[in-house]
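# Residue-level structural notes
Here is what each chain is made of, one letter per residue.
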Amino acid sequence: MSESSNIIELKHITKSFEDGFVAVSDFNLEVKRGEFVTFLGPSGCGKTTTLRMIAGFDRPTSGEILLNGKDISHLPPNLRPINTVFQRYALFPHMNIYENIAFGLKQKKTPKDIIRNKVKKVLQLVDLEGFESRSVSTLSGGQQQRVAIARALVNEPEILLLDEPLGALDLKMRKEMQLELKNMHKELGITFIYVTHDQEEALTMSDKIVVMSEGKIQQIGTPEGIYNEPENAFVADFIGESNIFNGIMTGHLKARFAGGQFETVDDYPEGTQITAVVRPEDIQITKPGEGQITGKVTDVIFKGMHYEITVQSGRYELVIQSTKSAEPGSSIGMKVEPDGIHIMIAAEHTNYFNVDMNRDQMLEFNGSVLDTKVENIIKGSRRNADNQLVASNGELIDPEKIHIIAAIEPSDIQMSDNVEDCLVQGIISDLIYMGDHYSYVINTDIGQDFIVDDEYLWNMGDLVGLVLPIDKMRFTVKK
Ligand code: ADP
Ligand code: MG
């Protein structure tokens, strides 16, 4: 058998809890020795659960975890060459820094002089030389987290797991520590598995990113790969800011979306339904009429390095990043080069749309309240005695800070003549015969297209209402 360069492999890992909840589902991953791998996804998507299984604190319900090619599923945490750094520093307050770091080695009855040398070495590594006799309470948050990292590293693990280790630090400290962790990783040459819900952090630090949602891997790739070539609309939406449109291939290297005709570098057969992703920095501003589409500037915000310009173009809203500003209210043209357009086959043609939480903490979509319980959607939340929505830690949930994405399949939407009674309405702007049904593109009044499958033939240009059954919607919470 040849030596594998994978230090760890997860094979078909699934974890369901006693209450039947499936937190991780068919998770497959290979991690190379020395790699910096990041699990990225919204809160509750199963990152910590996966990490805990790697560390040995939790056992998978099914599947295998291989370390250097050997199954370690049943090995207890202390026998795995793996250490974990948690978000909360978890230092012993009654011990000084030296004792905190030396604790594990003392338990293992390591000789005193060896402990002394090792502690000195890791303190240097985390930039805290000479801090041995300081008490924990005199340290800043960032320094405490460094001690926690030193305490994990002193065991000389082959793999260091870091679960949102910078989450409790302020922005400036976080940026600093990101760089330091990256340097540490380089210097040590060991494998890091890092968890974060912050896409920027993941993009700047990782060799490989695993994007997760609802316990499933959405995509594995390099930061560039994930940013430039998202495999589905969830990844495109979660990573960076994107303009995402449903559309259709209209010919060889030609696609129609956002009300315009574009040349592309990705080619699919004419008639293929697609999802087109255009990054805000890839839209150039031209004179009106000179780009592929024209629109009216509705909002301009200066972001330090660039302007963020919001444009209404027909029924579509686009976000542009530009070093040049634009006049609110003015008309502009917009141009996108072929290599600025990323086209995915809309494999499932899933429709994604944003829903809001209103003041009464009910979900609202296009002016209608959805008959569903928010507390069933935000994991761990519940209503308190005053019927307010609170998180598992008891804190009130701020509707402003919650962003919910709903998904519904085209075959679960019905079209109706009864336009007024429907959640959304729109004009049929494209139809394609798919053999056993028609696939329609509906330009809706919420400013985005919906794809709807229907067995009946409607006409181009018809105004139709869309019936979106609430029990067919899937919700994802995004912070
Ligand atoms: P993340 O770290 O990505 O925020 P977690 O892995 O902590 O997510 O949790 C994933 C999901 O599993 C959440 O919905 C959480 O409520 C659920 N979960 C975690 N631990 C348990 C448990 N012991 N019993 C039941 N559900 C759990
Ligand atoms: Mg977590």
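Residues numbered from 1 in each chain as written. Chains lettered and ligands numbered in written order. Predicted model: local features only at pLDDT ≥ 70, side-chain atom pairs only at ≥ 80, totals over all residues. Heavy atoms only, no water.

Let us look at the domain arrangement of the chain. Once the domains are mapped, the chain shows domain 1 (3-228), domain 2 (241-345) and domain 3 (351-478). Between domain 1 and domain 3, the C-alpha centre-to-centre distance is 38 Å. Contact with domain 1, which involves four residues of that partner, is made by five residues of domain 3. Overall, the association of domain 1 and domain 3 removes approximately 350 Å² of surface from exposure, summing both partners, and the carbon and sulfur fraction of that is 54%. Considering only the surface of domain 1 that becomes buried against domain 3, F21, P42 and E214 emerge as the three largest contributors, covering 77% of it. Run the count over domain 1 and domain 3 and you get zero salt bridges. Taken together, the links from domain 1 to domain 3 amount to zero residue pairs in polar contact (both at pLDDT 80 or more). Of the residues assigned to the side of domain 1 that touches domain 3, the class counts are two nonpolar, one polar and one charged. (Domains from an automatic or database assignment. Contact = heavy atoms within 4.5 Å. Buried area = accessible area lost by both parts, 1.4 Å probe. Salt bridge = Lys/Arg side-chain N within 4 Å of Asp/Glu carboxyl O. Polar contact = N/O pair within 3.5 Å; in protein donor to acceptor, adjacent residues only side chain to side chain. Nonpolar A, V, L, I, M, F, W, Y, C, P; charged D, E, K, R; others polar.)

Counted according to the given criterion, the structure contains one cavity of 30 Å³ or more. Estimated volume of the largest cavity: approximately 50 Å³. Lining the largest cavity, in full, are T48, L51, R52, A55, F57, T84, F86, L161 and D163. (1 Å grid on protein atoms, 1.4 Å probe; cavity = no way out; pocket = protein on both sides within 12 Å on 5 of 7 lines; lining within 4 Å. Points joined across faces, edges and corners; volume = space filled by probe spheres on them.)

On to the site of ligand 1, then. Inspection of the region around ligand 1 gives 13 residues, with G44, G46, K47, T48 and T49 positioned closest. Measuring from an oxygen atom of ligand 1, one finds a side-chain N or O atom of T48 at 2.8 Å. It is helix α1 (residues 47-55) that contributes the most residues to the shell around ligand 1, three residues altogether. Here the residues of the shell around ligand 1 sort into five nonpolar, five polar and three charged. (Near = heavy atom within 4 Å. Helix = DSSP H or I, 4+ residues; strand = E, 2+ residues; numbered from the N terminus.)

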